[in-house]
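# Chains, contacts and geometry: an overview
Each chain, written out:
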Amino acid sequence: MPTLWVDADACPKVARDIIVRAAERTATQAWFVANHTIPLPPSKWVKALSVSHGFDAADNEIVARLEAGDLLISSDLPLALEAIDKGAAVMTTRGEILDRNNIRARVQMRDFMETLRASGEHTGGPKGYSDADRREFANALDRWLARHARKL
């Protein structure tokens, strides 16, 4: 079974809880990587990895450890691009699948919006994490895990 890698620095608690339950239910190893302590229940399948507080330290650790076929859960687009380049699957905490067909356009849009903000434009932030986001993420994760469990 592939390993789940979670960019836990910005992972909503509700998504974290969904991942923990799914990992336990499917006996899938899940690693939560962050530059701060992540509260997790004691588990054979769910582990936390705390890294230094340096810029992108958690991202670098994830990229170093993930393997082709693993699943990265993150909304960090540059991290997602690196993971895809290594052959990993990527899903956001809203259940969106990021892949070779859409990641470059998403990174370009992110860079464009960052340029707008740097010039003083108020672009707003991401929308809040809704019940619909929670449901879509849980369903997308369940579908991904079910597909990969069948291959074993």
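Residues numbered from 1 in each chain as written. Predicted model: local features only at pLDDT ≥ 70, side-chain atom pairs only at ≥ 80, totals over all residues. Heavy atoms only, no water.

### Observations concerning the sheet that holds strand 6 (residues 97–98)
Pairing within the open sheet is mixed, and its six strands lie in the order 3-2-1-4-5-6. Only two strands of the sheet have a single partner each, and these edge strands are strand 3 (46–50) and strand 6. As paired elements, strand 4 (residues 71–73) and strand 5 (residues 89–91) share three bridges and run parallel to each other. Across the sheet, residue Leu71 finds its bridge partner in strand 5, namely Ala89. Together, strand 1 (4–7), strand 2 (30–34), strand 3 and strand 4 form the strand contacts of helix 1 (residues 13–26), whose direction differs from that of strand 2 by roughly 150°. (Pairing = 2+ DSSP bridges. Helix = DSSP H or I, 4+ residues; strand = E, 2+ residues; numbered from the N terminus. Contact = heavy atoms within 4.5 Å. Axes fitted to C-alpha atoms, helices over the stretch in contact; angles between N-to-C directions.)

### Remarks on helix 1
An α-helical turn contains 3.6 residues, so a residue and the one three or four places further along point in the same direction. In a regular helix each residue adds 1.5 Å, so 14 residues correspond to 20 Å; helix 1 covers 20 Å between its end C-alpha atoms and thus fits that length. Where helix 1 is concerned, the buried positions are Ala15, Arg16, Ile18, Ile19, Val20, Ala22 and Ala23. Once helix 1 ends, the next one or two residues include Ala27, with phi positive near 55°. (Expected span 1.5 Å × (residues − 1). Buried < 20%, exposed > 50% of the residue type's maximum accessible area, 1.4 Å probe, protein only.)

### Here we look at the side chain of Asp59
As for its position among the elements, Asp59 is in helix 2 (residues 57–65). Setting aside its immediate chain neighbours within four residues, Asp59 contacts Asp7, Asp76 and Leu79.

### Things to note about the pairing of strand 2
A large share of strand 2 lies buried, amounting to four of its five residues. Between the parallel elements strand 1 and strand 2, the chain passes through helix 1 in a crossover that is right-handed. Pairing between strand 2 and strand 3: five bridges, direction parallel. Counted as the bridge partner of Phe32 is Ala48 from strand 3. (Right-handed = clockwise from strand over helix to strand, strands pointing away.)

### Re the nonpolar core
Of all hydrophobic cores here, the largest spans 24 residues; its most connected members are Ile19, Phe32, Phe137 and Leu141. Put simply, the parts of the chain that give this core at least two residues each are strand 1, helix 1, strand 2, strand 4 and helix 5 (131–150). Look past the residues within four positions of Leu141 in its chain and what remains in contact with it is Ile18, Ile19, Ala22, Leu71, Ile73 and Met91. By size, the runner-up hydrophobic cluster in this structure holds 21 residues, among which are Trp5, Leu77, Leu79 and Val90. (Core = buried A, V, L, I, M, F, W, Y, C linked by side-chain atoms within 4.5 Å.)

### Observations concerning the pattern of salt bridges
Under the definition given, this model contains six salt bridges. The closest approach of N and O atoms between Asp17 and Lys13, which form a salt bridge, is 3.0 Å. One end of the pair, Asp17, and the other, Lys13, are both in helix 1, four residues apart, so they sit about a helical turn from each other. On the basis of relative accessibility, which here comes to 52%, the residue Lys13 falls in the exposed class. When the shortest N-O distance is used, the salt bridge between Arg25 and Asp142 registers 2.4 Å. Placement of Arg25 in helix 1 and of Asp142 in helix 5 is noted, with a sequence separation of 117 residues between them. (Salt bridge = Lys/Arg side-chain N within 4 Å of Asp/Glu carboxyl O.)

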